[in-house]
Amino acid sequence: MEETPEIREAVLERYLGESIGYRTWSAERMGKRKEPLSLTLRDLNSYMRGISLPLHHYSTVADHFLMALSASTSTSANAPRNPVPKHLTNQVRMMASSTRAYSKVVIRLRAQAEAEEAHMPPAPSLMLHDNGSRGRVGARGQHRMPPTGPGTCPPTSGPYQGHSRRSPSPAFSFTSYDRNGPTAYGPGPVFQPSGPAVSTAPGKFRSPLYRAGHAPLLRVFVPSPDGAWLSDQSVIECERELKRAGLIPLLKVGDVIHDLAAGDEANTGRLIWDGNYLIDLDYSYSPLGEIPKYVDSLAFPPSYFHKIIRSTGNPIVYLDLAPFAGDIATHLQLLQDRVQTETPQGGHHSVVRWIHRARFRIRPGAPVSYNAPPIVGPDGQSYIRLIDSGWHGIVVVDAEGTNEGLADLQGRIGNAVTLFAAKTLTGGRLSTESLRNRSHQQQISPPSSGGKSVFRLIRDKSRPGEIWLRCVREKERLQ
């Protein structure tokens, strides 16, 4: 059966088709792309055996194995040596092979989703053009803004006034950003990473193991003597497990690997592939761990790590605002914002605070960062990495309404432009035009030259075509 592709694929589709969406690789469905990874019946057997075990069983077996291994190595020279029980050794080998098979299945599903999405003709969709009129566009990624994007404001009068759960989205005229796309950044090829399938229409790819538009969660099983915090040697062993599975050439930047031997609490045992090595999560601003600063958040959809990297609130993202310094300076405002705060007794109070708020627009063809090194494509050429289409639209940035907050925002955009120290006017709002007319205002010198900085993505305010960010100050650092 293994040597006959037709029989093997029939068995694989029989057991994996209905449950996780596996389909036989065919030119009719996948186009001219070659199948990057072929599953075997042995992989099927290991996968089915692995998913039949509860996740906590993996860490329990790892703890028992490490205790037995420690007892066998700590025996004195005069006492007889106690070897690790054979059943524990066999369980560790079985779990390692099961996690390797699981990761191979997830990577195969991702390749299938991408091939189906690339081969399937794009369906026309109703989008909102820049002038506010609705029309149909065909090619994927050629629309400018989804219908729920900027310009969709809550009613200002009538029975529903003031009942919107989201902040208003005033439309601005952005003129400092070149509409010509990649040509604004000089000659040279550009590269937009091919993302996973993002459709949920009937007949398209669906799977409980791989969600469209999100990072894949791969598995390894490496018992670590250091516990939940993996040592360098344990991380290297995790990379070896991926190599044994034959997945290293198929990994992409941002893939998340979970060592089940470390447990499944919060983000324990989760690592991120940076293109060459596995790296730890960053615990500087969250005790649960967030994506590290080495990962360009703009290269992925805003929700790419949602439910993959667990977070109790607004996740951490890293952005370079230097390319949008002109728009930020043009649309900077000082205004009052009303927020809900929770008291130690569990109650909620409405608090009014002053904030600096700026808006800028990300258009198709914008690079991830001025300082980002080029990436090498499959053909060996260097390419400029572009911002993912999930960020296209308006991005709103909030900073503290103090001189220190303004200086922090200045440091994030660099010294290409200088922000004015905003002063309060009637109504708690100061327009940028007023700032320009007040040339006597004191200017704050930029404390740094821009670069990638840390923000929190505000989930309850963000929507398609409009992303809300909050500047994270150094005083919020945990360690």
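To start, this report covers the structure provided alongside it.

Cut-offs used in this document
Residues numbered from 1 in each chain as written. Predicted model: local features only at pLDDT ≥ 70, side-chain atom pairs only at ≥ 80, totals over all residues. Heavy atoms only, no water. Pairing = 2+ DSSP bridges. Helix = DSSP H or I, 4+ residues; strand = E, 2+ residues; numbered from the N terminus. Core = buried A, V, L, I, M, F, W, Y, C linked by side-chain atoms within 4.5 Å. Buried < 20%, exposed > 50% of the residue type's maximum accessible area, 1.4 Å probe, protein only. Contact = heavy atoms within 4.5 Å. Axes fitted to C-alpha atoms, helices over the stretch in contact; angles between N-to-C directions. Parallel < 35°, antiparallel > 145°, perpendicular 65-115°, else oblique. Left-handed = near helix turned anticlockwise from the far one by under 90°. Nonpolar A, V, L, I, M, F, W, Y, C, P; charged D, E, K, R; others polar. Phe/Tyr/Trp six-rings, centres within 6.5 Å; stacked < 30°, edge-to-face > 60°. Lys NZ or Arg CZ within 6 Å of the ring centre and 35° of its normal. Bend = angle between axes of the 7 residues up to and from the residue. Polar contact = N/O pair within 3.5 Å; in protein donor to acceptor, adjacent residues only side chain to side chain. Patch = residues over 30% accessible without salt bridge, like charges linked within 9 Å, V, L, I, M, F, W, Y side chains within 5 Å. Areas by Shrake-Rupley, 256 points an atom, 1.4 Å probe, with all protein chains shown as cover. Salt bridge = Lys/Arg side-chain N within 4 Å of Asp/Glu carboxyl O.

### Let's talk about the pairing of strand E10 (residues 348–362)
Then, in step 1: Bridge count between strand E9 (residues 333–342) and E10: 10 bridges; the pairing is antiparallel. If you follow Leu-334 over to E10, its bridge partner there is His-356.
Then, in step 2: What sits between the antiparallel neighbours E9 and E10 is a turn of five residues, in which Gly-346 has the positive phi angle 100°.
Then, in step 3: As judged from the eight bridges shared by E10 and strand E13 (residues 393–400), these two strands associate in the antiparallel manner. Opposite Phe-360, over in E13, you have Val-395 as the bridge partner.

### As for the nonpolar core
Then, in step 1: Judged by nonpolar contacts, the single largest core of 41 residues is most densely connected at Phe-305, Ile-362, Trp-391, Leu-409 and Leu-469.
Then, in step 2: Secondary-structure elements contributing two or more residues to this core are strand E8 (316–319), helix H7 (325–330), E10, E13, helix H8 (403–413), strand E14 (453–457) and strand E15 (466–471).
Then, in step 3: The residues contacting Leu-469, other than those within four sequence positions of it, are Val-317, Leu-319, Trp-391, Val-395, Val-396, Val-397, Asp-398, Phe-455, Arg-456, Leu-457 and Ile-458.
Then, in step 4: Val-105, Leu-209, Trp-273 and Leu-278 belong to the second-largest nonpolar core, a separate cluster that totals 35 residues.

### Concerning the packing of helix H4 (residues 55–73) against helix H5 (residues 86–119)
Then, in step 1: Close contact between H4 and H5 brings their axes to 10 Å; oriented N to C, the two are set at 140°. Our classification of the angle between H4 and H5 gives oblique. The two elements H4 and H5 cross, and the hand of that crossing is left-handed. Here His-57, Tyr-58, Val-61, His-64, Phe-65 and Ala-68 of H4 come into contact with H5, specifically with Leu-88, Thr-89, Gln-91, Val-92, Met-95, Ser-98 and Thr-99.
Then, in step 2: Grouping the amino acids of the contact of H4 with H5 by side-chain chemistry returns seven nonpolar, six polar and no charged.

### Here we look at helix H3 (residues 41–51)
Residue pairs three or four apart in sequence face the same way in an α-helix, which turns once every 3.6 residues.
Then, in step 1: Residues of H3 that are buried: Leu-41, Asp-43, Leu-44, Ser-46, Tyr-47 and Gly-50.
Then, in step 2: Buried positions along H3 lie against helix H1 (5–20), H4 and H5.

### With respect to the packing of aromatic side chains
Then, in step 1: Per the counting criterion, the structure on display carries eight aromatic pairs.
Then, in step 2: Plain terms: the ring middles of Phe-324 and Phe-360 are 4.6 Å apart, the flat faces sit at 20° to each other, and that makes the pair stacked. Pair noted here: Phe-324 is in the loop between E8 and H7 and Phe-360 is in strand E10, with a separation of 36 residues, a long-range link. No difference in accessibility class separates Phe-324 from Phe-360, as the two residues are buried.
Then, in step 3: Here the aromatic residues Phe-300, Tyr-304 and Phe-305 are joined through ring pairs into a cluster of three or more.
Then, in step 4: Here the basic side chain of Arg-14 rests over the ring of Tyr-15, its NZ or CZ set 5.2 Å away from the ring centre.
Then, in step 5: One cation-aromatic arrangement involves Arg-412 over Phe-455; the distance from NZ or CZ to the ring centre is 4.6 Å.

### Digging into H1
Then, in step 1: At Glu-13, H1 shows its strongest bend, of approximately 35°.
Then, in step 2: All buried positions along H1 are accounted for by Arg-8, Glu-9, Val-11, Leu-12, Leu-16, Gly-17 and Ile-20.
Then, in step 3: At its buried positions, H1 is contacted by H3 and H5.
Then, in step 4: The first or second residue beyond H1 is Gly-21, which carries a positive phi of 85°.

### Side note on the side chain of Asp-255
Then, in step 1: Among the secondary structure elements, Asp-255 is positioned in the loop between helix H6 (232–244) and strand E5 (256–259).
Then, in step 2: Asp-255 sits in the buried class, given a relative accessible area of 0%.
Then, in step 3: In this structure the side chain of Asp-255 is engaged in a polar contact, spanning 2.7 Å, whose partner is the side chain of Arg-110.
Then, in step 4: Not counting residues up to four positions away in its chain, the partners in contact with Asp-255 are Arg-110, Pro-216, Leu-271, Ile-272, Trp-273 and Tyr-304.

### A word on a nonpolar patch on the surface
Then, in step 1: Together, Tyr-15, Met-48 and Ile-51 line one region of the surface with nonpolar side chains, adding up to about 270 Å² of accessible area.
Then, in step 2: Here Tyr-15 lies in helix H1.

### A look at the sheet that holds E15
Through backbone hydrogen bonds, the strands of a sheet pair up, either in parallel or in antiparallel fashion.
Then, in step 1: If you trace the six strands from one edge of the open sheet to the other, you get E8-E14-E15-E13-E10-E9, paired in mixed fashion. The open sheet has two edge strands, E8 and E9, and neither has a second partner. Put simply, the sheet's adjacent strands are angled 40° from each other on average, direction ignored.

Any functional reading would require information that these geometric values do not contain.
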